[in-house]
Amino acid sequence: MAELHERRQELVRQLIVKERYAAQLDELSDRHCVALAAAAAERLLPVYEMFQRDEEWGDYGFLRRGLDSVWAALADERSADGLRGLTAEGEERTVPDLGGDERWKSEWVSEAQDAAISVLLTMDAVAERDRENGLHAVQHEIDALDNYTARRAPVARKKANPAGNTLVRALEEEVVREEKTLQHPLIREVVRIIEEDLEVLRSSGELTAETVGALRTSAEQNNILARIERS
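Okay, so let's go over this structure. (Residues numbered from 1 in each chain as written. Predicted model: local features only at pLDDT ≥ 70, side-chain atom pairs only at ≥ 80, totals over all residues. Heavy atoms only, no water.)

### A closer look at the nonpolar core
Counting residues in hydrophobic clusters, the biggest one holds 67 residues, and the most contacted among them are Leu-25, Tyr-48 and Leu-74. Counting residues per element, the ones that place at least two in this core are helix H4 (30–55), helix H5 (60–74), helix H7 (109–128), helix H8 (131–151), helix H9 (166–183), helix H10 (185–204), helix H11 (209–221) and helix H12 (224–230). Among the elements that line this core, the one with the most residues is H4, at 14 residues. (Core = buried A, V, L, I, M, F, W, Y, C linked by side-chain atoms within 4.5 Å. Buried < 20%, exposed > 50% of the residue type's maximum accessible area, 1.4 Å probe, protein only. Helix = DSSP H or I, 4+ residues; strand = E, 2+ residues; numbered from the N terminus.)

### Digging into unusual backbone geometry
The bulk of non-glycine residues show a negative phi, and the bulk of peptide bonds are trans. Of note in this structure, Asp-76 is not a glycine but carries a positive phi near 60 degrees. Mapping Asp-76 onto the fold places it in the loop between H5 and helix H6 (87–94). Overall, Asp-76 belongs to the exposed group, its relative accessible area being 59%. Residues other than glycine seldom take positive phi values, yet Arg-129 does so here, at roughly 50 degrees. Turning to its location among the elements, Arg-129 is positioned in the loop between H7 and H8. With a relative accessible area of 56%, Arg-129 lands in the exposed category.

### Here's the deal with the environment of Arg-8
Topologically, Arg-8 is positioned in helix H1 (residues 2–13). Under the relative-accessibility criterion, Arg-8 is labelled partly exposed at 23%. Between the alpha carbons of Arg-8 and Ser-218 there is a distance of 33 Å; along the sequence they are 210 residues apart. The contact partners of Arg-8, leaving out residues within four places of it in the chain, are Leu-171, Glu-174, Val-175 and Glu-178. (Contact = heavy atoms within 4.5 Å.)

### Describing H4
Compared with an ideal rise of 1.5 Å per residue, which puts 26 residues at 38 Å, H4 spans 36 Å between its outermost C-alpha atoms and is within 8% of the ideal. The axis of H4 is deflected most strongly, by about 30 degrees, at Leu-44, and proline Pro-46 appears within four residues downstream. Counting buried positions over the 26 residues of H4 gives 19, a clear majority of the element. (Expected span 1.5 Å × (residues − 1). Bend = angle between axes of the 7 residues up to and from the residue.)

### Considering the environment of Ser-118
Among the secondary structure elements, Ser-118 is positioned in helix H7. Taking the relative accessible area as the measure of exposure, Ser-118 reaches 0% and is therefore buried. Between the C-alpha atoms of Ser-118 and Gln-139, which are 21 residues apart in sequence, the distance is 8.2 Å. When near neighbours in sequence (up to four residues on either side) are disregarded, Ser-118 contacts Ala-40, Ala-41, Leu-44, Ala-137 and His-140.

### So, the side chain of Ser-106
Locating Ser-106 in the fold gives a position in the loop between H6 and H7. The buried category is assigned to Ser-106, whose relative accessible area is 6%. Polar contacts involving the side chain of Ser-106 include one to the side chain of Asp-54, which spans 2.8 Å. When neighbours within four sequence positions are excluded, Ser-106 is seen to be in contact with Phe-51, Asp-54 and Glu-55. (Polar contact = N/O pair within 3.5 Å; in protein donor to acceptor, adjacent residues only side chain to side chain.)

Okay, structure coming up:
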């Protein structure tokens, strides 16, 4: 059972940004980590717009302006000072409360929450040069796709429980689920995209307006809705 537990932990770590990419992240400055976050938030943001259209609730414009300001600050086109202190206001206006899940009809509510939080964390990260918030923002892209793929996975039919250790069987099932998750095309694609962003940032040296622009263009083209449609 110890081997099964360790295998599951190993699989889970592969979807945790700070653990999977620890070596690459050690080579990046705080500013580079914020750029990585901005790209992840940009890829997520279109799903929030879909949620707002479905629900007629939220504030996509607030998030869009905030993320535009992040990109401008990273490109040294404006100061990030204006983004300080906006998180509490933004959370109230943009983050759907999943505790009252029955309120929401949109299928995108969970992904919209991840998108809003990712943008807000990125705004905080650029204002405070906070790499931790930046890395949490990137994590929300993986979490959104993890939830999406889990929600759309076929429901296995219940089988009669065979004799044996139920805890071992449960761990075996969790290992199988984690393995399937990691092999899902959408999960493999987001891993590839983040790794490409990391390589761009690692090899860029000083963060320039050209690098920032390239990251943004790539993020816009590879947004979550486009990737889901292609899958």
